[in-house]
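# Breakdown of the fold
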Amino acid sequence: MRIAEITTPDLRLHHRETESHTHHPLLSEIELLIQQSEAISKNQPLPQSLPISLRQSLTRLSQLAPFPDNSFKLTIWKLSFRLWNACVDLSNAASLQSSSTSAESIANLRHVAADMLFLAKDVNGVPSPTIKSSLFYYRTGLVWHSLKKFDLASDCFERATEIVSKIDIAKISDAGEKKLFLDLNLARSRTAWENSDRNLAVTLLNRAKSLLFGLPDHYKSLSNQFLAFGKSSLSRDDDDCSLNDALRLMNEALDLCEKGLGTAKTREDTMEFTGMRIKTLRFISAVHLQKGEYESVIKCVKVLRNGGNGSDGPDQHASLPVLAMKAWLGLGRHSEAEMELRGMVGNKDIPEAVWVSAVEAYFEVVGTAGAETAKGVFLGLLGRCHVSAKAALRVAHRVLGESRGGDNGSRIRANVVAQLVSDERVVALFAGEAVTKERKAIHSVLWNSASDHFRAKDYEISAEMYEKSMLYIPHDIENRVFRAKGFRVLCLCYLGLSQLDRALEYIEEAEKLEPNIACSFLKFKIYLQKKDHSCAIGQIDAMTSCLDFSPDYLSLSAHEAISCQALPVAVASLSKFLSFHISGKTMPTTEVVVFRTLVTILTQDIGSETEALEFMLQAQSRSAKIGAECFFGSGETGKREQNWFAVTCWNLGSRCGSSKKYELCGEFMRLASEFYGYMDTDESAENKMMICRSIILSVTAMIALEKQNKSALTETEVKLAAELLVRAGKIMASSLSDGKDCIMEPEFIFMYTLIAYDIHGRINNSAFQLLVVKTFASSKSCNYNYLLQLGIFASQSPRSNPDVSTFALNECLSALIASTSPDYPTIALIIRKLISISSVHKGDTEDEETIQKMYKQAYRIMVGLKEGEYPTEEGKWLSMTAWNRAALPVRLGQFETAKKWLSIGLEIAEKVTGMDTYKACMQDYLAGFQTKVPSA
């Protein structure tokens, strides 16, 4: 709202004096900025810098306070009004553009205008300057509140409150100024509420009670605000604190309504206060209901119905009987609740949904104990309304509602409807040809409800509803199929309830009306659950004799048997299925799928690997007999089947290996290599590698089984293992001969090398042992770790091979020494091992020299190393053993040889920490030795 320019006689007298002060630089700067805001067109956005510039200028202006004279203040006053009016124009334009950024900028300008007016609030010659200054802040606060900038709004309202706090309220006579005092408190209270400062908000409302001035409009505003806060508290979390707050605030609103009635001077005011009072009482009743204060609810409802305290008549609002009924239920007075429920039936103002909700609430509290009462209410309703079959159908459908079953409320409604529809009087409404459509509809309603409860696995209610639905199926030939269907679903319900004898009775009744595969299969299911496996297997033959038999039922029977842990029945079902294949009958499922299903079923149970292996062997035998393409299929389908069998064998072999069932592991891995062999190895090099991996693990399992059983492999088993390894070796060699790197993992190549060494050692093929290790050493898969393991294994196994061990360890030593960061503990271990091997297998003088070279090599390695970098204990061992090796040459008179060993021992001792004492003794002994033996 624009504010008119100030023109009073006093101001005109001071016009000249004002003109002289308008040329102050700061005022000129502010006026220039205000002119910019006035010049902004509707389609032009507000510059973001304008509010900032005005705020900065205003800050500098405030530093001039106190101002020199009244004319200076008047100029600021007029500039403030101009800025405010410009903001009004900009707001009107911005409301068309709906720009939040623009709205905030305009609000900032309003705030600047209010601050300007506050600087010159005590100007002379202007009526009520304090009120006008607070009004600017009040309106600016309302704008900030609408933009949800509650902190800024609170600042404005607090500043406005400070301004008017100096005014004596008793001296205010203007109605608008009185309204400003109240509105300011209410606005400040609303902002505090939004800032979650509920205590301040309520305190401000209580302060506002002193600002009512006996005016009806003031009472209405304050009462409505209390009620709004009460409803807001009620909409929060349903806890005791929120409910108590809501009740206290609504009681305040009610008190103000009643006091306001005393100030009403017109009939309109009286009617408005009465309406507000009734509305508040209804909300108070709802709060009492949520708090469980049912007596208070009844009191409120009685007051409303009696029309007391100034109302013209009783309140007939549709919510009252619902509130009263729920309160009576809470008090446990079911008869009064029933009376309210019956009274609601005749109240046309109550929506049907509300009535049904009330019925649900009644049923939820009363439960099965009030089933007879509930049935009486329904039948009474139908009797009073002279209902037809269509009306009864509508009531039953409405009571059942859209629930999908599974909850307590649905069970209660279903029970009530079941009792209602089973009443002879209700059943009689649907008899005759005239109501065929309605009879089918009520059957569908009951059937669908039963289906919903069945899907929710509430089989007890489902069975009851199915039984009641059969009351609406005529006993004639045309409907025997529907009756048979009803008996079958009842059989399913009692199967779910594990009442197997009753389920068997119903399926036998259905079989009398309509014998088919569904009845036969359900009987099979019952026998399974009764754990009567012989009857279940016999029922499989009965199923195959049905006219509408489909082989799919055999597959389904197998799955049912597995779910019941009846593996013999599952095997019988699938064996029957396989017999159709063997006899040459055309089947919807191929033979390979049946085998796959059998193996899948067996692999679900840990411990059935032996049976799974038997079927895998049968499958491999069948594929070999009729051809892989005929058995597995052609194209991509065949490839997938081959891959499944190969991968399954691999997985089963891995599982058996993890469980230390090495015999099964070896068989599964050998089968896996056979199934991978069926696949096109030319197309994928990975398939070749899988054959190799399978063979390697198969032979590994054979060796592991040997260790587990502590019995050596037979000659036949060793020969088989050798043949398998030759096959794997040829595949790896062919892949390398193609000029490509071997894609097999290094650990598998190492395993192949290790077991090939082992197996060929059993047949005394030492040449091949050395060849396979040399081949591995020259491959990219080799590393010093693998060579170390091979060298140690070759030196320690029962069939040791010193040539292989020495070669592997030397290769490992060379690789470690060539490394950028040698592993000296491992180097020391290898040197000790090589010395030990050479010492054990020493033959002639050349071997002696070889051993000396090893000691000298160790010495050269130690030269230049930091203290402790070469293992101290290993260094001591080298020094001591070299020194001790001189003992035998001394006894034999080989003094030159003895001197060499003594010198080597002393040289190494000089490089080892902690051998100072030994070194001194060695030097003394060596000096004495040279003195005693001049020729040395």
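Residues numbered from 1 in each chain as written. Predicted model: local features only at pLDDT ≥ 70, side-chain atom pairs only at ≥ 80, totals over all residues. Heavy atoms only, no water.

## Examining unusual backbone geometry
For Ser498, which is not glycine, the phi dihedral falls at a positive 65°. In this structure, Ser498 sits in the loop between α24 (480–496) and α25 (500–513). With a relative accessible area of 53%, Ser498 lands in the exposed category. For Asn764, which is not glycine, the phi dihedral falls at a positive 60°. Classification of Asn764 as exposed rests on a relative accessible area of 70%. (Helix = DSSP H or I, 4+ residues; strand = E, 2+ residues; numbered from the N terminus. Buried < 20%, exposed > 50% of the residue type's maximum accessible area, 1.4 Å probe, protein only.)

## Re the pattern of salt bridges
As enumerated under the stated definition, the model contains 35 salt bridges in all. In this structure, the salt-bridge partner of Asp115 is Arg55, at a minimum N-O distance of 2.6 Å. Separated by 60 residues along the polypeptide, Asp115 in helix α6 (residues 100–119) and Arg55 in helix α4 (residues 49–62) bring together distant segments of the chain. Classification of Arg55 by relative accessible area gives partly exposed; the value is 31%. Of the charged contacts in the structure, one is a salt bridge between Glu104 and Lys149, with a shortest N-O distance of 3.5 Å. One end of the pair, Glu104, is in helix α6; the other, Lys149, is in the loop between α7 (129–146) and α8 (150–164), and 45 residues separate them in sequence. Because the salt bridges share partners, they merge into one network encompassing Asp217, Lys220, Asp269 and Glu272. (Salt bridge = Lys/Arg side-chain N within 4 Å of Asp/Glu carboxyl O.)

## Considering the side chain of Arg439
If you trace the backbone, Arg439 turns up in helix α22 (residues 436–455). Glu433 provides the closest opposite charge to the buried, unpaired Arg439, separated from it by 5.2 Å. Separated by 3.0 Å, the side chain of Arg439 and the backbone oxygen of Gly432 make a polar contact. (Lys, Arg positive; Asp, Glu negative; His and termini not counted. Polar contact = N/O pair within 3.5 Å; in protein donor to acceptor, adjacent residues only side chain to side chain.)

## As for the nonpolar core
As a rule of thumb, nonpolar side chains are buried together in soluble globular proteins. Within the largest apolar cluster, 128 residues are counted, with the highest numbers of intra-cluster contacts made by Phe668, Val699, Ile759, Ile831, Tyr855 and Tyr870. Looking at this core element by element, the count peaks at 11 residues for helix α35 (residues 685–709). In this structure, Ile759 is in contact with Val699, Ile703, Leu713, Val718, Ala721, Ala722 and Leu725, ignoring residues within four places of it in sequence. Ile40, Leu58, Ala113 and Tyr219 belong to the second largest nonpolar core, which has 102 residues in total. (Core = buried A, V, L, I, M, F, W, Y, C linked by side-chain atoms within 4.5 Å. Contact = heavy atoms within 4.5 Å.)

## Remarks on helix α9 (residues 175–194)
For α9, with 20 residues, the first-to-last C-alpha span of 28 Å sits near the 28 Å given by 1.5 Å per residue. The buried fraction of α9 is high, at 15 of 20 residues. At the N-terminal end of α9, a side-chain oxygen is found 3.0 Å from the backbone nitrogen of Gly176, two or three residues along, and the residue is Asp174. Looking one or two residues beyond α9, the residue adopting positive phi is Ser196, at roughly 65°. (Expected span 1.5 Å × (residues − 1).)

## Overview of helix α14 (residues 294–306)
For the α-helix, the turn length of 3.6 residues means that residues three or four positions removed from each other point alike. Over its 13 residues, α14 extends 18 Å from the first C-alpha to the last, a length consistent with the 18 Å expected when each residue adds 1.5 Å. Among the residues of α14, Val297, Ile298, Cys300, Val301 and Leu304 are the ones counted as buried. For α14, the buried positions fall inside an angular range of 165° around the axis, keeping them on one side. Of the residues in α14, the exposed ones pointing more than 90 degrees away from the buried face are Lys299 and Asn306. In this fold, the buried residues of α14 make contact with α13 (267–291) and α15 (319–330). (Arc of directions from axis to C-beta.)

## Concerning the packing of aromatic side chains
Scanning the entire structure with this criterion turns up 30 aromatic pairs. Centre to centre, the rings of Trp77 and Phe81 are 5.7 Å apart; their planes meet at 20°, and the pair counts as stacked. One end of the pair is Trp77 and the other is Phe81, both in helix α5 (residues 70–97) and 4 residues apart, which spans about a single turn. Given the relative accessible area of 0%, Trp77 is considered buried. With 6.2 Å between their ring centres and 45° between their planes, Tyr138 and Phe157 make a pair best called tilted. (Phe/Tyr/Trp six-rings, centres within 6.5 Å; stacked < 30°, edge-to-face > 60°.)

## Let's talk about the confidence of the model for the protein
One rule of thumb: low pLDDT means the predicted coordinates there are not for detailed reading. In this model, the protein carries an average pLDDT of 83, and 89% of its residues clear a pLDDT of 70 or more. Across residues 5–22 the pLDDT falls below 50, and counting only partners more than four positions away or on other chains, this stretch makes 23 contacts in the model. (pLDDT = per-residue confidence, 0-100.)

## Examining the packing of α13 against α15
Direction vectors running N to C along α13 and α15 enclose 25°, while the axes themselves pass 11 Å from each other. With respect to each other, α13 and α15 are oriented roughly parallel. Relative to α15, the crossing made by α13 is left-handed. Contact residues: Arg282, Ser285, Ala286 and Leu289 in α13; Ser319, Leu320, Leu323, Lys326 and Ala327 in α15. (Axes fitted to C-alpha atoms, helices over the stretch in contact; angles between N-to-C directions. Parallel < 35°, antiparallel > 145°, perpendicular 65-115°, else oblique. Left-handed = near helix turned anticlockwise from the far one by under 90°.)

## Re the environment of Gly486
Mapped onto the secondary structure, Gly486 falls in helix α24. C-alpha of Gly486 to C-alpha of Met470: the two residues are 16 residues apart in sequence and 6.9 Å apart in space. Apart from the residues within four sequence positions on either side, Gly486 is in contact with Trp447 and Met470.

## Considerations on the environment of Ser105
As for its position among the elements, Ser105 is in helix α6. Here Ser105 falls in the buried class, since its relative accessible area comes to 5%. It is 10.0 Å that separates the C-alpha atoms of Ser105 and Ser91, two residues lying 14 residues apart in sequence. What Ser105 contacts, discounting residues up to four positions off in sequence, is Leu46, Gln48 and Pro51.

## Some words on the environment of Ala815
Position of Ala815 among the secondary structure elements: in helix α40 (residues 802–817). The class for Ala815 is partly exposed, based on a relative accessible area of 36%. Counting along the chain gives 12 residues from Ala815 to Ile827, while the straight-line C-alpha distance between them is 9.9 Å.

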